[in-house]
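Structural description and commentary
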Amino acid sequence: ASDYSEFEAFLQKSLTNLVFKEIDDCLTAGYDDAIRQRDVGTKLDHCGSDGKAGNIRTLLSTALNCGYALTEQPQLVSSGLLAPTDAASKIALSCPKWPQ
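Everything in this summary refers to the structure shown in the same document.

Conventions used here
- Residues numbered from 1 in each chain as written.
- Predicted model: local features only at pLDDT ≥ 70, side-chain atom pairs only at ≥ 80, totals over all residues.
- Heavy atoms only, no water.
- Axes fitted to C-alpha atoms, helices over the stretch in contact; angles between N-to-C directions.
- Helix = DSSP H or I, 4+ residues; strand = E, 2+ residues; numbered from the N terminus.
- Parallel < 35°, antiparallel > 145°, perpendicular 65-115°, else oblique.
- Contact = heavy atoms within 4.5 Å.
- Nonpolar A, V, L, I, M, F, W, Y, C, P; charged D, E, K, R; others polar.
- Salt bridge = Lys/Arg side-chain N within 4 Å of Asp/Glu carboxyl O.
- Buried < 20%, exposed > 50% of the residue type's maximum accessible area, 1.4 Å probe, protein only.

1. What about the packing of helix α3 (residues 56-78) against helix α4 (residues 84-94)?
Viewed as axis vectors pointing N to C, α3 and α4 meet at an angle of 175°, and their least axial separation amounts to 8 Å. Of the possible angle classes, the one that applies to α3 and α4 is roughly antiparallel. Together, T62, N65, C66, A69, L70, Q73 and V77 of α3 and P84, A87, K90, I91 and S94 of α4 make up the contact between the two elements. Counted by class, the contact of α3 with α4 contains seven nonpolar, four polar and one charged residues.

2. So, the pattern of salt bridges
Counting across every chain of the model gives two salt bridges. With its nearest N and O atoms 2.7 Å apart, the salt bridge here joins K21 to D25. Here D25 and K21 lie together in helix α1 (residues 6-35), a separation of four residues that amounts to about one turn. On the accessibility criterion, K21 (42% relative accessible area) is partly exposed. The class of D25 is partly exposed, set by a relative accessible area of 29%. Between D33 and R38 there is a salt bridge; the shortest N-O distance is 3.5 Å.

Worth remembering: the numbers are spatial, not functional.
Here you go:
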């Protein structure tokens with residue numbers, strides 16, 4: 001049995017691995033190229049080990065939007081302004097692989 005709630009597991013596995021790790025990998029690859037005096041733009045335009053994670057701007061935007069949804073929606077649910085299912089739907093629109 002897991003010691004994580006569904007929400008914690010999402011943060012730990014999906015958000016961290018699908019967004020934050022990709023951002024870290026992309027920025028590290030760009031930094032490595034910069035200190036070797038190579039073109040950084042190519043790395044930042046094609047992030048991820050396979051170059052398919054998107055560009056750094058897309059990854060940062062996803063992190064911002066998902067982070068906002070993950071903080072705003074639970075607050076709205078706890079204050080009675082939004083139903084949990086509606087919050088989950090809104091988070092799913094902003095975050096990669098949110099469990100349905």
